[in-house]
Amino acid sequence: MTRLFHISDIHFGLEDPRALAWLVDCVAREKPDAIALTGDLTMRARHREFAAACRWISALPVPVTVEVGNHDLPYFNPIERFFDPYRRFRAIEHVVERPLDLPGIAVIPLKTTARAQWRFNWSKGHVGKGALADCLAQIDALPPGTRALVACHHPLVEAGTKGNALTRNGSRALAELARRGVAAVLSGHVHDAFDLIHPTPEGPVRMIGAGTLSLRTRSTPPSFNDLRIDGADIHVTVRNLEAVPTPAMQIEDVPENALPPRQPGEPVAPVGAVPEVDPPVH
Ligand SMILES: [Fe+2]
Ligand SMILES: [Fe+2]
């Protein structure tokens, strides 16, 4: 059996020290085979936030793989955001990421962030042609029998959306992944956990979302997913700080507007920045 801790949205800058210490404790005690971190390492991609995230991730005693989230692209510097948006993330990815050695399992990245989009809310996801092609090529190159877990930041689809989807081109990407029989798509961003089977024209595909370990909780306490992978079976337990049972931690639909509410003291958008849209109060 392979044990993978799926964590997300640690948001250094608004991190929850109690949640992070608890995760470190769980890792030290239970020694999972690896950790998959599905993006939003920082709050506003500040250098000091990346440095703190880098220190925390580097100290974890098991291999970690990291994805980029929408909060990891420069926020206060539109020029850097446009011309070199992944520089800060890549620098820490280079330091913290270690190859995973999971028998018969591969974690394959799929980038869902965009430096700019022709729509108001840039916090939403976008699967570019190149990003999808990279991901599919990696899946196609796996040795026969290897189970692929695709790791991305934004959930690829949500329920009930018409037109302005949370992740542009997400449905198409999800169908391609279903066609290749991926074991699951792991994501973050919505700050609540879920474990859903989603139908696509190419067949059903499993979508697993992890909650947050930051102060930016949405409707459930800080949490992470504990995945036990045994052959074709993936068992997900949502572990949380308040001992809420897993079914009560999992949302049933990925909402269209998945942004968590602003926290007191959270920075507001600088002049010239593209603001996020605040969600309805839940
Ligand atoms: Fe987030
Ligand atoms: Fe996000």
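Analysis parameters
- Residues numbered from 1 in each chain as written.
- Chains lettered and ligands numbered in written order.
- Predicted model: local features only at pLDDT ≥ 70, side-chain atom pairs only at ≥ 80, totals over all residues.
- Heavy atoms only, no water.
- Donors = N, O, S within 2.8 Å, 3.2 Å for Na, K, Ca; no water.
- Tetrahedral: all angles 85-135°; square planar, octahedral: opposite > 155°, others 65-115°.
- pLDDT = per-residue confidence, 0-100.
- Contact = heavy atoms within 4.5 Å.
- Helix = DSSP H or I, 4+ residues; strand = E, 2+ residues; numbered from the N terminus.
- Expected span 1.5 Å × (residues − 1).
- Buried < 20%, exposed > 50% of the residue type's maximum accessible area, 1.4 Å probe, protein only.
- Salt bridge = Lys/Arg side-chain N within 4 Å of Asp/Glu carboxyl O.
- Axes fitted to C-alpha atoms, helices over the stretch in contact; angles between N-to-C directions.
- Parallel < 35°, antiparallel > 145°, perpendicular 65-115°, else oblique.
- Left-handed = near helix turned anticlockwise from the far one by under 90°.
- Nonpolar A, V, L, I, M, F, W, Y, C, P; charged D, E, K, R; others polar.
- Core = buried A, V, L, I, M, F, W, Y, C linked by side-chain atoms within 4.5 Å.
- Pairing = 2+ DSSP bridges.
- Lys, Arg positive; Asp, Glu negative; His and termini not counted.
- Polar contact = N/O pair within 3.5 Å; in protein donor to acceptor, adjacent residues only side chain to side chain.
- Phe/Tyr/Trp six-rings, centres within 6.5 Å; stacked < 30°, edge-to-face > 60°.

K.L.:
Would you mind going over the coordination of the iron ion (ligand 1) with me for this structure?
P.N.:
Angles between donor atoms at a metal ideally measure 109.5 degrees for a four-coordinate tetrahedral arrangement and either 90 or 180 degrees for a six-coordinate octahedral one. Donor atoms from the polypeptide that bind the iron ion (ligand 1) are D9 (OD), H11 (NE2), D40 (OD) and H191 (NE2), placed at 2.0 to 2.2 Å. Each of the four donor atoms around the iron ion (ligand 1) contributes to a set of angles spanning 86 to 174°, which defines the coordination as irregular.

K.L.:
Where do I start with the confidence of the model for the protein in this structure?
P.N.:
When pLDDT drops low, the exact placement of atoms in the prediction is not to be read closely. When pLDDT is averaged along the protein, the result is 88; 86% of the residues meet or exceed 70. Every residue in residues 269-282 scores below 50 in pLDDT, and together they form 28 contacts with partners more than four places removed in sequence or on other chains.

K.L.:
Help me understand helix α2 (residues 47-58) in this model?
P.N.:
Two residues of an α-helix separated by three or four positions point the same way, owing to the 3.6 residues in each turn. The terminal C-alpha atoms of α2 lie 16 Å apart, and with 12 residues this matches the ideal 16 Å at 1.5 Å per residue to within 8%. Of all the residues in α2, the buried ones are E49, F50, A52, A53, C54, W56 and I57. Residues of α2 that are buried in the fold lie against β1 (2-7), α1 (17-30), β2 (34-37), β3 (64-66) and α4 (87-96).

K.L.:
Explanation requested: the pattern of salt bridges in the structure shown.
P.N.:
Pairing between side chains becomes possible if they bear opposite charge and their charged atoms approach one another. Per the counting criterion, the structure on display carries 15 salt bridges. The shortest N-O distance in the salt bridge between E49 and R46 comes to 2.7 Å. Between R90 and E93 there is a salt bridge; the shortest N-O distance is 3.0 Å. Taken together, the residues span about one helical turn, with R90 and E93 both in helix α4 at a distance of three residues. Owing to a relative accessible area of 38%, R90 belongs among the partly exposed residues under this scheme. The class for E93 is buried, based on a relative accessible area of 18%.

K.L.:
Is there a simple way to explain the packing of α2 against α4 in this structure?
P.N.:
What describes two packed helices is the angle between their axes and the distance between those same axes. At their nearest, the axes of α2 and α4 sit 10 Å apart, and the two run at 15° to each other. Classified by the angle between their axes, α2 and α4 sit roughly parallel to one another. The element α2 and its partner α4 pack so that their crossing is right-handed. Two secondary-structure elements touch here, α2 through H47, F50, C54, I57 and S58 and α4 through R88, F89, I92, V95 and V96. For the contact of α2 with α4, the residue count by class is seven nonpolar, two polar and one charged.

K.L.:
Before we go on, may I ask you to explain the nonpolar core in this structure?
P.N.:
Generally speaking, a soluble globular protein has its nonpolar side chains buried in company with each other. Core analysis: the biggest nonpolar cluster contains 33 residues, and I7, I10, L23, W56 and I57 have the highest contact counts within it. Looking at this core, the elements with two or more residues in it are β1, α1, β2, α2, β3 and α4. Every residue in contact with I7, bar those within four places of it in the chain, is listed here: L23, I35, A36, L37, T38, W56, A210, L213 and F224. In this structure, V127, L132, I139 and F194 belong to the second largest nonpolar core, which totals 28 residues.

K.L.:
Help me understand the pairing of strand β11 (residues 223-230), please; the structure alone is not making it clear to me.
P.N.:
Look at any regular strand and the pattern is simple: side chains alternate between the two faces of the sheet. Here β11 lies mainly inside the structure; six of its eight residues are buried. Strand direction decides the pairing type here: β1 and β11, joined by five bridges, are antiparallel. Bridge pairing links H6 to N225 in β11. In terms of strand pairing, β11 meets strand β12 (residues 233-240) through eight bridges, oriented antiparallel. Residue pairing in the sheet places D230 in a bridge with D233 of β12. Where β11 folds back onto β12 in an antiparallel hairpin, the turn is made up of two residues, including G231, whose phi is positive at roughly 60°.

K.L.:
Just checking my understanding: could you explain the side chain of D16 for this structure?
P.N.:
Mapped onto the elements of the fold, D16 is located in the loop between β1 and α1. No salt bridge is formed by the buried D16. Its closest oppositely charged neighbour is R18, at 5.4 Å. Separated by 3.0 Å, the side chain of D16 and the backbone nitrogen of R18 make a polar contact. Setting aside anything within four residues of it in sequence, one finds D16 in contact with L213, S214, L215, P222 and L241.

K.L.:
Got a minute to help me understand the packing of aromatic side chains in this structure?
P.N.:
The way to describe two aromatic rings as a pair is by their centre distance and the angle between their planes. Taken as a whole and judged by the stated rule, the model has three aromatic pairs. An angle of 50° between the planes, with centres 6.2 Å apart, marks the rings of F12 and W56 as tilted. Note that F12 is positioned in the loop between β1 and α1 and W56 in helix α2, a separation of 44 residues in sequence. A connected cluster of aromatic rings, assembled from ring pairs, spans F5, W22 and F224.

K.L.:
Even after reading the chapter, I still don't get the sheet that holds strand β8 (residues 184-187), so can you show me in this structure?
P.N.:
Paired through their backbone hydrogen bonds, the strands of a sheet run either parallel or antiparallel. Sheet architecture is open: five strands sit in the order β4-β6-β8-β10-β9, paired in mixed fashion. Edge positions in the sheet fall to β4 (105-109) and β9 (194-198), since each of these pairs with one other strand and no more. For this sheet, the mean inter-axis angle between neighbouring strands, taken without regard to orientation, is 25°. Pairing analysis gives five bridges linking β9 to strand β10 (residues 205-209), with the strands arranged antiparallel. Note that in β10 the partner of D195 across the bridge is I208. The strands touched by helix α5 (residues 129-140) are β4 and β6 (147-151); relative to β4, the strand with the most contacts, the crossing angle is about 165°. In this fold helix α6 (residues 170-179) packs onto β6, β8, β9 and β10, with an angle of close to 120° to the strand it touches most, β10.

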